[in-house]
Amino acid sequence: MTQSHPDGPFIDPAAAGLADTMVALPPQRRGDGWRRAWRSMVRGRWPLLALFILALLILAAILGPTISPLDPNRQNIMTRLEAPMVADRAGHVKFFLGSDGLGRDVLSRLLYGARVSLLVGVTAIVIGGSLGVALGLISGYFGGWTDDVIMRIGDIQLAFPFVLMAIMFLVVLGPGVFNLILVLGIGQWITYARIVRAQTLSLREKEFVEAARALGASHASIMFVTILPNVIAPLTVIASFNIASVILAEAALSFLGLGVPPSVPTWGSMLAESRDQLIANKWWLAVFPGMAIVLTVLAFNIIGDWLRDFLDPRLKSNG
Amino acid sequence: MRQFKYALVFAGAVMGVPHAVLATPAADTIVVGLSADIDTLDPAEISSRDASNIAEHIFTTLSSISVDGKVTPRLSDSYTVSDDGKSYTYHIPPGHTCSDGEALTAEDVAYSFNRAADPANNFTGNTPGFIFTSIDFKGATAPDPEHVVINVGIKSSMTPGFLTEVFIHCKDSYEKMSLEDASTKPVASGPYKLVSWTPGSEIVLQKWQDPGNFKTIDYRIIPEASTRTAELLTGNVDIITNVSPDQLDAIDNSGVARVEKVQGTRRMYVGFNQSTSFTGKGAEAIRKADVRRALQYAVDVPTICKQLLNFDCERATSLVNPPQGNPDLKPYPYDPEMAGKLLDAAGYPKDANGVRFEITLQAGRGRYLNDANVVLAVGQYLTDIGVKTNVELMDWASVYVPLIRKHEAGPMFFLGSGGGLWSALYDMSDLATVDSGPNYTNWDDPRWFDGWKQIEAAKTPEEERAVINEMLKVFHDDGPWLLMYFQPDFYGVSNRIDWQARRDEVVELFDAKLASK
């Protein structure tokens, strides 16, 4: 049985041997896991808060078009830069969180922005994760030159600063939601590939894999049916952290004007648009999207921390 | 406890010292914050306004344009024009030198012109690319050390004005230099010489002859508008260009700086690129003059000026700066109903979704005042009348400029073109020929382009004016621009400095001085 990391915080799930832990856990009744997870969350309190924030985010993303008070793209330059909660002559508040430089409603844009942030975060992780898992399995299972080629490609990619690479691709491909997701997804694959490869290298020698091989299972079947379920747990932890960093990357690229088109409201582009207004004391243009990004990233990170501790409680006691 | 005391003393010291004292430049130095970097100081390669403003202090010119738009003497004290109007003889008084000690004579002036035109050098700057093509430059000779003769192929009243933009430099020093050295190590003929240049960061000039009140001019490259403003307010810079319209009040209310607001000469427009390389209903629609005219009514330009530029403006009637424009032309009013009626009549009624046609409007980001918001607002106005406009905002330097240069931006695009006050023809020369570099719309209306021959044939200024007015009417009625505004210029100026902004984007610092207490 592998030991937890001596330096405390969880760094490499492969080193921590989470898959071994999962394999070694005794069989449980259906529903036991969920109940344990819930109890663990309630005990921790912070994960519960994070879950609440994420639930709000998901609700905002799903119900955005229904609950947003105004069309997020509707401009009215006569009502630009109105402060939050300012009532008109009839006592009616039109912009609860203020209006931006083109008279668009900040609240509506925040709600729509949640949709883009989640879409980009989750889809990019699915793309990067799928690619990384497949290549990691192939790399670890076959070893030899296949392993060398895949890992060296990953090393080359890691040698480029990610934001620089993303800018390069987006300048060539052009901005847009699809291209952004593609770039962010491709940028993540190596993280997953390395973890899965390390796990696969150890698992391919295990008895249950040998047994599957002896029963005549194909390579694909062994990789995706026998080995893959045993590496899912560490991947879940990594993915939860990764979503946060992808959301941040989306915000950064949108801030640089390389994210989505101007007609699509995103938190990053809202921040970018607030740059010139900060010195003019239009604080609401930066504070609200900034808070949205901070809370979302924080929530994903707390969930990631909790998942790590929950899946391998030994780390918590040492950390 | 002792550490706490030290902390208190330190905090008190920091808070007690006024920021301005910490940051103010030396009394013999003026610091200017520019929004864009420069790429060359070769006098024949310079093409950007910022580079030109720096070069203005390093190199002299035959004459210059005064604040009120008149051609005034500089290196030369007088000139004569031949009877056919195609040969200009300038007198160069003796006694001028370059910063390396070489005498500056008529021969150097002729060399400066001929070097810029030499095809072997393959220069593409403002002098060969715009000035020489506009006047059809033929060559320059120096019959004696005090006279230079400049020959042009077109008789035009605007030639003396154009010649003010050609930078003069000394022959011997530049003949010895490689092109690379010429672009980074200029030998000055003007009052200041280059001391250091850190690309992307700073350019420092030092005075070596009159005029000029400051010993050192320090140009700092500060691309981000808020940072420029912050630098001004903390006293690190004395003058900043391109102040964001939303920061005017912050500067004016700061007590340490003010905003100099001037009606600029840069013509802002939305171009209708009529190239057949664009396909689709929208691209085809804007090739029709009726449609272009209809769209003029759809955009509320004065409101855009007021709300997004913090400036009251009158909408442009043509590409010529007032008061040189056609006085009979009235700006298009904002009348969306009229726009709708004209589009119906042109064969573009609304469909079931309220859309007449769809079109793309491209723009660079960060080059002009509040440009992204202006473009988005134009897109909204057009969408409101059923022209579904997809706005594409691009990085200015790396993406948009190459598209513009290849005449491939569009079908609609947002752009500004530098203008002048001293001649209508200067502003009109953007469209000197169908193939002119600045004709980014591929417009080819013969009523306009044939007008140039009539201008050349005109015998009196009145005859010329009549042709100009007729051409400007064609441009107003059926032209390739959705007419917008002449961009105001906002300069942030420290209260430490006395300096007056000009309308033509020229940032001249010879007369700038420390403010009297």
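Located above this text is the structure these notes cover.
Throughout, residues of each chain are indexed from 1 in the direction in which the sequence is written. Whichever chain is written first is A, and whichever ligand is written first is 1; the rest continue in order. Two thresholds apply to this predicted model, a pLDDT of at least 70 for residue-level local features and 80 or more for giving and counting side-chain atom pairs, whereas whole-chain, interface and lining totals are computed over all residues. Heavy atoms throughout the structure, all of them, feed into the side-chain values; hydrogens and water do not.

So, about the overall build of chain B. Helix and strand counts for chain B come out as 20 helices and 18 strands. With C-alpha atoms as the basis for the radius of gyration, the globule rule is written as 2.2 Å multiplied by the number of residues raised to the power 0.38. Radius of gyration (C-alpha) of chain B: 25 Å, near the 24 Å computed for a compact globule of 517 residues. Expressed as a percentage of its 517 residues, the buried residues of chain B come to 56%. Only the protein chains shown count as covering a residue, and every accessible area follows the Shrake-Rupley method with a 1.4 Å probe. Summing over all exposed atoms, chain B offers an accessible surface of approximately 21500 Å²; the carbon and sulfur share of this is 52%. Charge separation in chain B, taken as the distance between the mean sites of 47 positive and 69 negative side-chain charges, equals 4 Å. Helix and strand labels come from DSSP, where a helix needs a run of H or I of at least four residues and a strand needs a run of E of at least two; each type is numbered from the N terminus. Each residue's exposure class comes from its accessible area (1.4 Å probe, protein chains only) as a fraction of the maximum for that residue type: buried when under 20%, exposed when over 50%, partly exposed otherwise. Working convention for charge: Lys and Arg count positive, Asp and Glu count negative, and His plus the chain ends are omitted. Note on charges: their place is set at NZ of Lys, CZ of Arg, CG of Asp or CD of Glu.

Glancing now at the packing of aromatic side chains. All names here are of chain B. Between 30 and 60 degrees the pair is tilted, below 30 it is stacked and above 60 it is edge-to-face, where a pair is any two Phe, Tyr or Trp rings, Trp via its six-membered ring, whose centres lie within 6.5 Å. Within the structure shown, the criterion is met by 27 aromatic pairs over all chains. Ring centres of F130 and Y426 lie 5.7 Å apart, and the angle between their planes is 80°; on these two criteria the pair is classed as edge-to-face. Of this pair, F130 sits in helix α5 (residues 126-135) while Y426 sits in helix α17 (residues 424-428), and the two are 296 residues apart along the sequence. An identical accessibility class is assigned to F130 and Y426; each is buried. For the pair Y491 and W499, a centre-to-centre distance of 5.3 Å together with 80° between the ring planes defines the contact as edge-to-face. According to the relative accessible area criterion, Y491 is buried, its value standing at 4%.

The next point concerns the sheet that holds strand β10 (residues 216-221) of chain B. All names here are of chain B. Sheet architecture is open: ten strands sit in the order β8-β9-β10-β1-β11-β16-β12-β15-β13-β14, paired in mixed fashion. Of all the strands in the sheet, just β8 (192-198) and β14 (387-395) have a single pairing partner and so form its edges. Relative to β14, strand β13 (residues 357-365) runs parallel, the two being bridged by nine bridges. What sits directly across from R365, in β14, is D395. Between any two strands, at least two bridges found by DSSP are needed for them to pair.

Once that is clear, we can look at the sheet that holds strand β4 (residues 78-81) of chain B. All names here are of chain B. Overall, antiparallel pairing links the four strands, which are arranged β4-β5-β7-β6 in an open sheet. Each edge of the sheet is formed by a strand with only one pairing partner; in this case those strands are β4 and β6 (137-144). Strand-to-strand, the axes of this sheet are offset by a mean angle of 20°, without reference to chain direction. Sheet topology places strand β5 (residues 87-91) next to strand β7 (residues 147-152); five bridges connect them, and they run antiparallel. Considered in β7, the bridge of H91 is made with H147. Note on definitions: a residue-residue contact is assigned when non-hydrogen atoms from the two residues lie within 4.5 Å. Angles here are taken between N-to-C directions and fall from 0 to 180 degrees, while the axes themselves are lines fitted to C-alpha atoms, restricted in helices to the stretch in contact. Sheet contacts for helix α4 (residues 106-117): β6 and β7; angle to β6, the most-contacted strand, approximately 160°.

Bringing the interface of chain B and chain A into the picture now. How large an interface is tends to be reported as the accessible area lost when its parts come together. Across the boundary between the two partners, chain B contributes 24 residues, which contact 18 residues of chain A. Broken down residue by residue, the surface that chain B buries against chain A is led by D246(B), Q307(B) and Q380(B), which jointly contribute 30%. By salt bridge we mean one thing: a side-chain nitrogen of Lys or Arg within 4 Å of a carboxyl oxygen of Asp or Glu. At the surface where chain B touches chain A, the tally comes to two salt bridges. The partner of R74(A) in a salt bridge is D384(B), and the shortest N-O contact between them spans 3.0 Å. The buried area of a pairing is the accessible area, by a 1.4 Å probe, that goes missing from both parts when the two are put together, added over both.

All names here are of chain B. A cis geometry characterises the amide bond from D210 onward to P211, with omega recorded as 0°. Its location among the elements puts P211 in the loop between β9 (202-207) and β10. P322 connects to P323 through a cis peptide bond whose omega is 10°. Position of P323 relative to the elements: it lies in the loop between α13 (301-308) and α14 (336-345). Although it is not a glycine, N242 sits at a positive phi angle of roughly 50°.

The next thing to look at is the nonpolar core. Ranked by size, the top nonpolar core spans 159 residues in total, and within it F113(B), I304(B), M428(B), W448(B), M484(B) and Y485(B) carry the most contacts. Per element, the largest residue contribution to this core is nine residues, and it comes from strand β16 (residues 481-494) of chain B. With residues near it in sequence (within four places) discarded, F113(B) still touches L62(B), F132(B), F137(B), A140(B), I150(B), L163(B), V166(B) and I168(B). For the purposes of this section, nonpolar cores are sets of buried Ala, Val, Leu, Ile, Met, Phe, Trp, Tyr and Cys residues that join through side-chain atoms within 4.5 Å. Among the nonpolar cores identified, the runner-up in size contains 69 residues, and L203(A), M223(A), L228(A) and I247(A) belong to it.

This part takes up the packing of helix α4 (residues 46-67) of chain A against helix α14 (residues 284-311) of chain A. All names here are of chain A. Packing of α4 against α14 brings their axes to within 8 Å, and their N-to-C directions diverge by 135°. For the element pair α4 / α14, the angle class is oblique. At the point where α4 passes α14, the crossing takes the left-handed sense. Each of W46, P47, A50, L51, I53, L54 and L57 in α4 lies in contact with α14, whose residues at this interface are L295, T296, A299, F300, I302, I303 and W306. The residue classification treats Ala, Val, Leu, Ile, Met, Phe, Trp, Tyr, Cys and Pro as nonpolar and Asp, Glu, Lys and Arg as charged. All others, Gly included, are polar. Its residues placed into classes, the contact of α4 with α14 shows 13 nonpolar, one polar and no charged. In these notes the angle categories are as follows: under 35 degrees is roughly parallel, over 145 is roughly antiparallel, 65 to 115 is roughly perpendicular, and the rest is oblique. With the far helix as reference, a near helix turned anticlockwise by less than a right angle produces a left-handed crossing, and one turned clockwise produces a right-handed crossing.

All names here are of chain B. Structurally, the position occupied by R74 is in the loop between β3 (71-73) and β4. With relative accessibility at 23%, the residue R74 sits in the partly exposed group. With 142 residues separating them along the chain, R74 and T216 place their C-alpha atoms 22 Å apart. Once residues within four sequence positions are removed from consideration, R74 is found in contact with E56, F59, T60, T61, L62, S63, S64, P191 and F510. Engagement of the side chain of R74 in a polar contact is seen with the backbone oxygen of E56, the distance being 3.0 Å. Any N or O atom pair separated by 3.5 Å or less is treated as a polar contact, with the protein-specific requirement of one donor-capable and one acceptor-capable atom, and with residues adjacent in sequence counted only for side-chain atom pairs.

Before going further, it helps to examine the pattern of salt bridges. Considering all chains together, one arrives at 36 salt bridges over all chains under this definition. Here D246(B) ties to R80(A) by a salt bridge, and the two come within 3.0 Å at their closest N and O atoms. Here R80(A) lies in the loop between α4 and α5 (106-142) and D246(B) lies in the loop between β11 (239-240) and α10 (248-252), a pairing that spans two chains. Connected through shared salt-bridge partners, D290(B), R293(B), D445(B), R447(B) and D478(B) make up one network.

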